[in-house]
There are 4 protein chains.
Amino acid sequence: MKLLFVGDVVGRAGRQILARQLDRLVDRHAIDFVVVNGENAAGGFGLTLEVVREFRQLGVQVITSGNHIWDKKEFLPQLDRCNDVLRPANYPPGAPGHGFGLYETAAGIRVGVLNLEGRVFMSNLDCPFRCADACLEQMAGRADLILVDFHAEATSEKMALAHYLDGRVAALIGTHTHVPTADEQILPAGTAYQTDAGMTGSRDSVIGIAKDIAVERFVTQLPARFEVAKRQPVLCATLFDLDEDRGLARGIERIFCREEA
Amino acid sequence: MKLLFVGDVVGRAGRQILARQLDRLVDRHAIDFVVVNGENAAGGFGLTLEVVREFRQLGVQVITSGNHIWDKKEFLPQLDRCNDVLRPANYPPGAPGHGFGLYETAAGIRVGVLNLEGRVFMSNLDCPFRCADACLEQMAGRADLILVDFHAEATSEKMALAHYLDGRVAALIGTHTHVPTADEQILPAGTAYQTDAGMTGSRDSVIGIAKDIAVERFVTQLPARFEVAKRQPVLCATLFDLDEDRGLARGIERIFCREEA
Amino acid sequence: MKLLFVGDVVGRAGRQILARQLDRLVDRHAIDFVVVNGENAAGGFGLTLEVVREFRQLGVQVITSGNHIWDKKEFLPQLDRCNDVLRPANYPPGAPGHGFGLYETAAGIRVGVLNLEGRVFMSNLDCPFRCADACLEQMAGRADLILVDFHAEATSEKMALAHYLDGRVAALIGTHTHVPTADEQILPAGTAYQTDAGMTGSRDSVIGIAKDIAVERFVTQLPARFEVAKRQPVLCATLFDLDEDRGLARGIERIFCREEA
Amino acid sequence: MKLLFVGDVVGRAGRQILARQLDRLVDRHAIDFVVVNGENAAGGFGLTLEVVREFRQLGVQVITSGNHIWDKKEFLPQLDRCNDVLRPANYPPGAPGHGFGLYETAAGIRVGVLNLEGRVFMSNLDCPFRCADACLEQMAGRADLILVDFHAEATSEKMALAHYLDGRVAALIGTHTHVPTADEQILPAGTAYQTDAGMTGSRDSVIGIAKDIAVERFVTQLPARFEVAKRQPVLCATLFDLDEDRGLARGIERIFCREEA
Ligand SMILES: [Fe+2]
Ligand SMILES: [Fe+2]
Ligand SMILES: [Fe+2]
Ligand SMILES: [Fe+2]
Ligand SMILES: [Fe+2]
Ligand SMILES: [Fe+2]
Ligand SMILES: [Fe+2]
Ligand SMILES: [Fe+2]
């Protein structure tokens, strides 16, 4: 089966190119299942119910997230209600929402999706390695294939978790840095891996943010309100060819869509 | 002119694949100038004079570095003597060594190379933005082309510096994360940019380190001595097509060499 | 002469105990000059012009600050206008406001006050050690006494700067951790030193913040809006006995005021 | 009963003043139980079996530790054997050694000691709040009194844990910053608290390290081998007056010993 994972959608620029391109991608690659990281989809910070509905109408089956999922207070109660929205599983017990979910493709293939967050240079969360073990145990026998979205900063932590889970999940895709990496590969035991899927949003920017403001912050070290950039929208995604019989990967391919000005 | 930049060479595995592949690459792409990041070339930690000589014999014109350049105490006195070895320019005044250098290709094109280090999630160095300004002023009129190796962790800091220098240098290449990014591009004002060149060393690893040890460190949070990995050596590099008349870029291309087992 | 330094005033609880206690302290200890760290004085975040005026009316001669001085956007233009309000000197050139100032006591003793911010676990600022050198040079011959407020997190960075400036300034007082340290001392070359002056605000709190909210943030790792605590206000300050002829210290004493419920 | 807690003993200077002063302190204050943080006791880095024996002979009943306990590889196997040596309990399951222990005074009072480590600005450990809950449950009914050594950097994390455990343990003492705080107090529900006990070692130093080297590291941002300082040894400790019937505190007092040159 073919699974498309779309990297962090940032603001309106990101949502709009997703809306314009997703159908075409699904058709062209005969995609069975679409997962999108939406942690920056609502104005760069978190999600709203409207954005979730917009994504559903586009045919997105699962929305994963990361550290920015908590940015919109009014959305948090929705986290328990929306089974198709995930937040990293390794927040402390009691956090609203779900860290993994079990879904099905139109053809009846059972897909498990697990969302985790890194700790290096990030928050003081529960261990993503042990949390992965625990979640996989709960998903055992209930999914033909498992995809992990590991939302993390450090390349070392991402590669370490990928090796740790190699052979136990079909694919591990990194998110959070907003830059796609060119290291897509099948690991020795059969798990597809890429350090980061990249971002879906304005490319003429600093990771999706208006570039002048971002530069100014670095130069002055003073706070400045971030603004989502708009120009030159691009879509970064990763296409996985997964083998539902073995629960492993056959192929992994980077997808990059840009539109002409 | 064609400039090849080779990403962080890690240990013997990295040096060996560089030795086996560099000539071929230079011939095939008619490369005029070779720059290699060598901060991890000696056993994963820093440089030795032997390694520097090895690189020179391979035809490497300039060795850039980063935070690991200080790892081998006995090498530090060499930093002042070797004009072809650079350490990040934004260490405090008085640090041994040079932060930028002026070189020449066989055809007489004057190439300036500037090495900088990021601060986000790294050390408390001088501002790389203002340091870049100061170094560029010193290089003004003395180079036809300038390449910047920005050794940094955060994608945002790298992209911000690239936009800050866009149009003022021919190319800015990121290093340090050891994972090549798939965002090579020419920025609006003519500077070639890629967030990270990736690593030259064992791919079946965690950023060049033996994967079992790296995983164990994350899982136990206990110290463990790192060991350079050996299997499946790869070479990650970036090929720049630079216009010496304008001091800007015409093209940028990722290079990835692997060898069959 | 006697100089009183009052530790970070946090919100209304802090301002109110300062208003109730300052006159009494000044009388009792025959204080000649009062410096207050006000970075948290306006609702826990930054300053307003009203708060500045309130402090002036209480007899505060200089207000120092730290990382929170930028919290209230509308106050930033005031930084250039208020000579009695300082922000850390080691922000990049061009930041609004002043990093040091030259003042005078009623008896004509010339007092220099220098504000610096640490980098360890904080922002990527200019080197506070070199910035101190530069500022002291500018103040040379223009002050009988110099006080440094070093707003920093790590005890090591604070003690290192104190030793670096020992004999060159009359006193170095740390701020930012909101907990007074019991290590007040005269360093070998004559500079009075204390790692942190502590906080002026609610003691039944987590560094001035409502304790339930603070605990919840640590336990859940989810964002929660901070609220300034109110109960059990205390005033933490340090009283310096300084020798204006030598520009060094004769004595240093911790002051702690609490009021009965 | 009277419990003496001695702050981080740093190197020989620290061990020697402890050896010279402990008997006198125990006699003078009629101390029933002595706990020492020993994470820096062996040359500044960790422990050795010899140092442990030295401490036992001085009458130390329990040695707590922190992030430096792992520094001496050869000592790690001892962690499982020495019931009187603790390492922070919130390292991942499987770490060598014990995170808490149950002891007895000469008079038969059952004392529980729990060691925890903070996460803010430190390692990615398990949640110290939930770990405290779990350990206290295991100690329930088996100790008349519980002391917690919370080895942490941030004052906010220390105060938050203290409030979280207020009324459930007799005392929570902070360590790690090497500077004693002047905020010793009995919290509303009866737990004695001090943010940091301070250090036992050379005072003419930067947190126990030779001051010239420490200053140089900050100024140059280059690595330099730390050296334990020797001059002006001091002992920082905290004396707790605990009520074994209620498991709470009656009093808390800072102890500071210096010796004449
Ligand atoms: Fe994101
Ligand atoms: Fe993120
Ligand atoms: Fe490297
Ligand atoms: Fe590096
Ligand atoms: Fe403050
Ligand atoms: Fe602060
Ligand atoms: Fe320590
Ligand atoms: Fe420590």
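Parameters and conventions
- Residues numbered from 1 in each chain as written.
- Chains lettered and ligands numbered in written order.
- Predicted model: local features only at pLDDT ≥ 70, side-chain atom pairs only at ≥ 80, totals over all residues.
- Heavy atoms only, no water.
- Least-squares fit on C-alpha atoms with pLDDT ≥ 70 in both.
- Contact = heavy atoms within 4.5 Å.
- UniProt positions renumbered as here; feature names shortened; annotations may be inferred.
- Helix = DSSP H or I, 4+ residues; strand = E, 2+ residues; numbered from the N terminus.
- Buried < 20%, exposed > 50% of the residue type's maximum accessible area, 1.4 Å probe, protein only.
- Pairing = 2+ DSSP bridges.
- Right-handed = clockwise from strand over helix to strand, strands pointing away.
- Lys, Arg positive; Asp, Glu negative; His and termini not counted.
- Salt bridge = Lys/Arg side-chain N within 4 Å of Asp/Glu carboxyl O.
- Polar contact = N/O pair within 3.5 Å; in protein donor to acceptor, adjacent residues only side chain to side chain.
- Donors = N, O, S within 2.8 Å, 3.2 Å for Na, K, Ca; no water.
- Tetrahedral: all angles 85-135°; square planar, octahedral: opposite > 155°, others 65-115°.
- Buried area = accessible area lost by both parts, 1.4 Å probe.
- Nonpolar A, V, L, I, M, F, W, Y, C, P; charged D, E, K, R; others polar.

**Brief notes about the relation of the copies chain B and chain A**
- The two copies are related by a screw motion: chain B maps onto chain A through a turn of 180° and a shift of 0.0 Å along the axis, at an RMSD of 0.0 Å. Both copies of the chain, as the preceding transformation shows, are related through a two-fold rotation axis. Ranked by how close their C-alpha atoms come to the rotation axis, the residues of chain B are headed by Thr 181 of chain B, at 2.0 Å.
- A symmetric contact is evident, with 100% of the interface residues of chain B recurring at the interface of chain A.

**Notes on the UniProt feature "binding site: Fe cation 1" (unreviewed entry) in chain A**
Residues and elements named next belong to chain A.
- Following the UniProt record, one finds the feature "binding site: Fe cation 1" (unreviewed entry) at Asp 8, Glu 39, Asn 40 and His 178. On the basis of their most widely separated C-alpha atoms, the annotated residues across 171 residues gather in one place, lying no more than 11.4 Å apart.
- In this structure, Glu 39 sits in the loop between β2 (33–37) and α2 (49–58).
- Overall, the relative accessible area of 1% leaves Glu 39 in the buried class.
- Position of Asn 40 relative to the elements: it lies in the loop between β2 and α2.
- On the basis of relative accessibility, which here comes to 3%, the residue Asn 40 falls in the buried class.

**Things to note about the sheet that holds strand β4 (residues 100–104) of chain D**
Residues and elements named next belong to chain D.
- Spatially, six strands are ordered β4-β5-β6-β7-β9-β8 in an open sheet, and the strand pairing comes out mixed. Across the chains shown, the open sheet's two edge strands, defined by having one partner strand only, are β4 and β8 (185–186).
- Here β4 runs beside strand β5 (residues 110–117); their pairing, made up of five bridges, is antiparallel. Each bridged residue has a counterpart across the sheet, and for Tyr 103 the counterpart in β5 is Val 111.

**Structural notes on the pairing of strand β7 (residues 171–175) of chain B**
Residues and elements named next belong to chain B.
- For β7, a buried count of five out of five residues is recorded, marking the element as mostly surrounded by other parts of the structure.
- What you see with β7 is no split at all: Ala 171, Ile 173 and Thr 175 on one side and Leu 172 and Gly 174 on the other are buried throughout.
- Across five bridges, the pairing between strand β6 (residues 145–151) and β7 is parallel. For His 151, the partnering residue across the bridge sits in β7 and is Thr 175.
- Since β6 and β7 lie parallel, the crossover through helix α5 (residues 155–165) that links them has a hand, and here it is right-handed.

**Observations regarding unusual backbone geometry**
- Within the chain, Ile 207 of chain A stands out as a residue other than glycine whose phi angle is a positive 45°.
- Of note, His 178 of chain B is a non-glycine position whose phi angle comes to about 70°, a positive value.
- Mapped onto the elements of the fold, His 178 of chain B is located in the loop between β7 and β8 (185–186).
- When its relative accessible area of 9% is taken as the criterion, His 178 of chain B is described as buried.

**Topic: the side chain of Asp 183 of chain A**
- Here Asp 183 of chain A is to be found in the loop between β7 (171–175) and β8 (185–186).
- The buried charged residue Asp 183 of chain A lacks any salt bridge, with Arg 203 of chain B as its nearest oppositely charged partner at 6.0 Å.
- One polar contact links Asp 183 of chain A to Thr 181 of chain A, side chain to side chain, over a distance of 2.6 Å.

**Comments concerning the environment of Gln 232 of chain A**
All names here are of chain A.
- As for its position among the elements, Gln 232 is in the loop between α6 (211–220) and β11 (233–243).
- Residues Gln 232 and Gly 201, spaced 31 residues apart in sequence, show a C-alpha to C-alpha distance of 8.0 Å.
- With residues near it in sequence (within four places) discarded, Gln 232 still touches Gly 201, Ser 202, Arg 203, Asp 204 and Arg 258.

**Re the coordination of the iron ion (ligand 7)**
Residue and element names in this part refer to chain D.
- The coordination sphere of the iron ion (ligand 7), as far as protein atoms go, consists of Asp 8 (OD), Glu 39 (OE), Asn 40 (OD1) and His 178 (NE2), spread over 2.1 to 2.2 Å.
- Around the iron ion (ligand 7), the four donor atoms are arranged such that angles at the metal cover 90 to 162°; this shape is classified as irregular.
- On the primary sequence, the residues serving as donors to the iron ion (ligand 7) are separated as D-x30-E-N-x137-H.
- Separating the iron ion (ligand 7) from the iron ion (ligand 8) is a distance of 3.5 Å, and Glu 39 supplies a donor atom to each of them. Residues Glu 39 and Asn 40 agree in their burial class; the two are buried.

**Brief notes about the relation of the copies chain A and chain D**
- Between the two copies, chain A and chain D, the superposition gives an RMSD of 0.0 Å; the rotation angle is 180° and the shift along the axis is 0.0 Å.
- A high fraction, 100%, of the interface residues of chain A reappear at the interface in chain D, so the copies pair face to face through one surface.

**Concerning the interface of chain A and chain D**
- Each partner contributes residues to the interface: chain A has eight residues there, and chain D has eight residues.
- When chain A packs against chain D, the two sides together hide about 700 Å² of surface, and 30% of this comes from carbon and sulfur.
- When the area that chain A buries against chain D is broken down by residue, the three leading residues are Arg 119, Asn 124 and Arg 130 of chain A, summing to 73%.
- For the interface between chain A and chain D, the tally reads two salt bridges.
- Of the charged contacts, one joins Asp 126 of chain D and Arg 130 of chain A as a salt bridge, the two residues approaching to 2.9 Å between their closest N and O atoms.
- Counting across the chain A and chain D interface gives four residue pairs in polar contact (both at pLDDT 80 or more).
- By residue class, the composition of the side of chain A that touches chain D is four nonpolar, one polar and three charged.

**A closer look at the interface of chain B and chain A**
- Each partner contributes to the interface: chain B provides 34 residues, whereas chain A provides 34 residues.
- Carbon and sulfur atoms supply 68% of the area that chain B and chain A bury against each other, a total of about 3,100 Å² over both sides.
- Among the residues of chain B in contact with chain A, Phe 121, Arg 203 and Phe 218 of chain B are the three that bury the most area, contributing 19% of the side total.
- Summed over the shared surface of chain B and chain A, the number is zero salt bridges.
- Between chain B and chain A we count six residue pairs in polar contact (both at pLDDT 80 or more) in total.
- Counting residues per element, the side of chain B that touches chain A draws most heavily on α5 of chain B, at seven residues.

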